[in-house]
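Close look at the chain arrangement
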Amino acid sequence: MGIKSFQGKRDSSQEKSAEQILVSDYMTKNLITFKSDDSLDHVINLLIKHKISGGPVVNDKNELIGIISETDCIKHISERKYYNMPADVNNTVGKYMVTDVDTIDKDMNIFDAAFKFISSHRRRFPVVENGKLIGQLSQKDVLKAAIKVKGNTWK
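I will try to describe carefully the structure that is included in this document. All values reported here derive from a predicted model rather than from experimental measurement.

1. Here's the deal with the overall build of the protein
A tally of regular secondary structure across the protein gives six helices and four strands. Secondary structure elements in the protein, listed N-terminal to C-terminal, are α-α-β-β-α-α-α-β-β-α. Taking the intrachain contacts of the protein between residues at least 6 apart in sequence as the baseline, contacts between residues at least 24 apart amount to 60%. Just so you have it, the protein exposes about 11100 Å², and 51% of that area is on carbon and sulfur atoms.

2. Looking at helix α2 (residues 40-50)
Within α2, the full set of buried residues consists of L40, V43, L46 and L47. The arc that holds every buried residue of α2, seen down its axis, measures 125 degrees, which confines them to one face. Opposite the buried face of α2, by more than 90 degrees, sit the exposed residues N45, I48 and K49.

3. Describing the packing of aromatic side chains
Two aromatic rings, taken as a pair, are described by how far apart their centres are and by the angle between their planes. Using the criterion set out here, one finds one aromatic pair in the structure. Just above the ring of F125 sits the side chain of K116; from NZ or CZ to the centre is 5.0 Å.

How each quantity is defined
- Residues numbered from 1 in each chain as written.
- Predicted model: local features only at pLDDT ≥ 70, side-chain atom pairs only at ≥ 80, totals over all residues.
- Heavy atoms only, no water.
- Helix = DSSP H or I, 4+ residues; strand = E, 2+ residues; numbered from the N terminus.
- Contact = heavy atoms within 4.5 Å.
- Areas by Shrake-Rupley, 256 points an atom, 1.4 Å probe, with all protein chains shown as cover.
- Buried < 20%, exposed > 50% of the residue type's maximum accessible area, 1.4 Å probe, protein only.
- Arc of directions from axis to C-beta.
- Phe/Tyr/Trp six-rings, centres within 6.5 Å; stacked < 30°, edge-to-face > 60°.
- Lys NZ or Arg CZ within 6 Å of the ring centre and 35° of its normal.

Next comes the structure, spelled out in C-alpha cells:
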C-alpha cells in the first residue's frame, strides 16, 4: 500500500502573495514638531497636552535637525533643581535636543523597522525623504501593524 497525499493538487491561485507592509503605511504624518529656539517650557506643555514623549526638531525648511524628548527636559529640570539654581532663561530646545538622530526609510518593511527598534532601544524614528521630515514611526505604530496583520492572516 502506497503513501497517499491528502493535500490535493497545488494551485497557484491558493497561494497568497506576501504583501509588503511598509513604514509609510503606519507612520504618523501629522506631527507635533519643534524649533530649536522654542523654550523647554513650551515643549513640556505640548508633550503633556498631546500625550507624547518627544518630537522632531526642524528648521524653517522642514529639515530634521534633532529630537527633543521628555528625558531631555527632565535632565534640564533635575540639574537646575538639584543645584538649587534659578530657571535658565536660555532653556531652548537647541541647547538640550539630541542632534545625532537615527532615521528610517519610508519603504522599509514594518517588521524590519521593529527589529531596528529592538536593537537600538529607540522609541521613535523620524522618516526623512530628500532631507525633509515626512513622518515618524513609533513603537506603537509597529504594534498597530502587528494587530492588523494578526487580524488578517494569523489563525
